[in-house]
Structure formats: C-alpha cells, structure tokens
Amino acid sequence: MVAHAEQRGGVGIVINGAIRDAATLREGRVPIFAAGVTHRGPYKDGPGEINVPISIDGMIITPGDLMLGDDDGLVCVPLSDAEAIYAGTKKKHDVETAQMDAIRAGRNDRSVLGR
C-alpha cells in the first residue's frame, strides 16, 4: 500500500490505527505516522475514505491542510493559516536558538535567557 501511495505522489501517510512491518516501513522514503504497531495484517478492503474531513484524537484534519510530523507527533495546520503560524513558529525558534547559543557560550544574559 505504501508503494502504491508513493507511486501516486504521496509524500507521507497518517494512520489512526496500527501498522505492521514497522522496521521496513521506517527504511522507506515516505514517512508514516501511526497510532501503533501490530503483528497482524491490515484490512485491505476498508474501512477508510479519502479526501474527507477526519478527526484524530480531537484534531480536525480537512483535505488540503498542511500536516507536519516528527518523532514527537503530528500537527495539522489549515492552509489558510500556514503563513501566520510559520511566522510565529520561526520567531519562537529564533528566540530558542539564541538561548541555546548563550547557554553554550556560558553567558547568563537575562535578556537572552528570558529570565
């Protein structure tokens, strides 16, 4: 299923359920985020839908939304909010980078460390 998704242009997969063959899937090019891992095989005939709004643990995801994920989890950003959210997260990242640089340099500057 992952090979089919990748061949059709898929760049990531989010599954509100379990996957098997996790080690093999981790080695692939398409990142996969799943609620768990199981030794049992998946259902190949459903249930499931494509291009409809869904909810995962209360997070509403609508077709076209921007999904971002890493080892800590997933976040969904409505495309219309992406620029504003990017600006806010970049500002926060820049502050945290300056704080880490100050710590590594041994500086205890309260204006940089936020105390």
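Structure: see above.
Described below are features of the structure shown in this document. (Residues numbered from 1 in each chain as written. Predicted model: local features only at pLDDT ≥ 70, side-chain atom pairs only at ≥ 80, totals over all residues. Heavy atoms only, no water.)

A word on the overall build of the protein chain
Where we set the bar: Helix and strand assignments come from DSSP, with helices taken as H or I runs of at least 4 residues and strands as E runs of at least 2, each series counted from the N terminus. Only C-alpha atoms enter the radius of gyration; for comparison, a globular chain is expected to reach 2.2 Å times N to the power 0.38, where N is the number of residues. Relative accessibility under 20% of the residue-type maximum defines a buried residue, over 50% an exposed one, and the middle range a partly exposed one, all with a 1.4 Å probe and only protein chains included. Whether two residues are in contact is decided by their heavy atoms: any pair within 4.5 Å suffices. The Shrake-Rupley method, run with a 1.4 Å probe sphere, supplies the accessible areas, and residue values consider only the shown protein chains as cover. Residues scored as charged are limited to Lys and Arg (positive) and Asp and Glu (negative), so that His and the chain ends carry no count. Charge coordinates come from a single atom per side chain, which is NZ of Lys, CZ of Arg, CG of Asp or CD of Glu.
For the protein chain, the count of helices and strands is four helices and six strands. For the protein chain, the N- to C-terminal ordering of α and β elements is α-β-α-β-β-β-β-β-α-α. A compact globule built from 115 residues should have a C-alpha radius of gyration of about 13 Å, whereas the protein chain, at 19 Å, is more than 25% larger. Looking at the protein chain as a whole, 10% of its 115 residues qualify as buried. Long-range contacts, defined as pairs at least 24 residues apart, comprise 14% of the intrachain contacts of the protein chain with a sequence gap of at least 6. Accessible area for the protein chain stands at about 9,500 Å²; split by element, carbon and sulfur atoms hold 54% of it. Here the protein chain contributes 13 positively and 16 negatively charged side chains, and the mean placements of these two sets differ by 5 Å.

A word on the layout of surface pockets
For clarity, the cut-off: Put plainly, a pocket is an open set of points on a 1 Å grid over the protein atoms alone with protein on both sides within 12 Å along at least five of seven lines, a cavity is a set where a 1.4 Å probe fits but cannot get out, and a lining residue has an atom within 4 Å of a point. Grid points are joined across faces, edges and corners, and a volume is the space filled by probe spheres set on the points. Gly is put with the polar residues, along with every residue not named as nonpolar or charged; the nonpolar set is Ala, Val, Leu, Ile, Met, Phe, Trp, Tyr, Cys and Pro, and the charged set is Asp, Glu, Lys and Arg.
Quantified by volume, the largest pocket comes out at close to 2,200 Å³. Residue lining of the largest pocket: 46 residues in total, with Ile13, Val14, Ile15, Glu49 and Ile50 positioned closest to the centre. Elements with a minimum of two residues in the lining of the largest pocket: helix H1 (2-7), strand S1 (13-19), strand S2 (32-37), strand S3 (54-56) and strand S5 (66-70). Its residues placed into classes, the lining of the largest pocket shows 25 nonpolar, 13 polar and eight charged.

Focus: the pattern of salt bridges
Two side chains carrying opposite charge are able to pair once their charged atoms lie near each other. Worth spelling out the cut-off: Each reported salt bridge corresponds to a side-chain nitrogen of Lys or Arg within 4 Å of a carboxyl oxygen of Asp or Glu.
Under the definition given, this model contains five salt bridges. Between aspartate 21 and arginine 20 there is a salt bridge, with its nearest N and O atoms 3.3 Å apart. The closest approach of N and O atoms between glutamate 96 and lysine 92, which form a salt bridge, is 3.5 Å. Highlighted residues: glutamate 96 and lysine 92, both in helix H3 (residues 82-104), separated by four residues, approximately one helical turn.

Thoughts on the environment of glutamate 83
With respect to the helices and strands, the residue glutamate 83 is situated in helix H3. For glutamate 83 and proline 53, which are 30 residues apart along the polypeptide, the C-alpha to C-alpha distance reads 22 Å.

Considering a nonpolar patch on the surface
Here is the rule we go by: Patch membership requires over 30% relative accessible area and the absence of a salt bridge. Like charges are linked within 9 Å, and nonpolar side chains (Val, Leu, Ile, Met, Phe, Trp, Tyr) within 5 Å.
Taken together, the side chains of Leu66, Leu68, Val75 and Leu79 make up a nonpolar region of the molecular surface, amounting to roughly 340 Å² of accessible area. With relative accessibility at 40%, the residue valine 75 sits in the partly exposed group.

A look at unusual backbone geometry
If you check the backbone angles, asparagine 51 has positive phi at about 60° while not being a glycine. Tracing the chain through its elements places asparagine 51 in the loop between S2 and S3. Its identity is not glycine, yet aspartate 57 carries a phi of approximately 50°, on the positive side. Mapped onto the fold, aspartate 57 is located in the loop between S3 and strand S4 (59-61).

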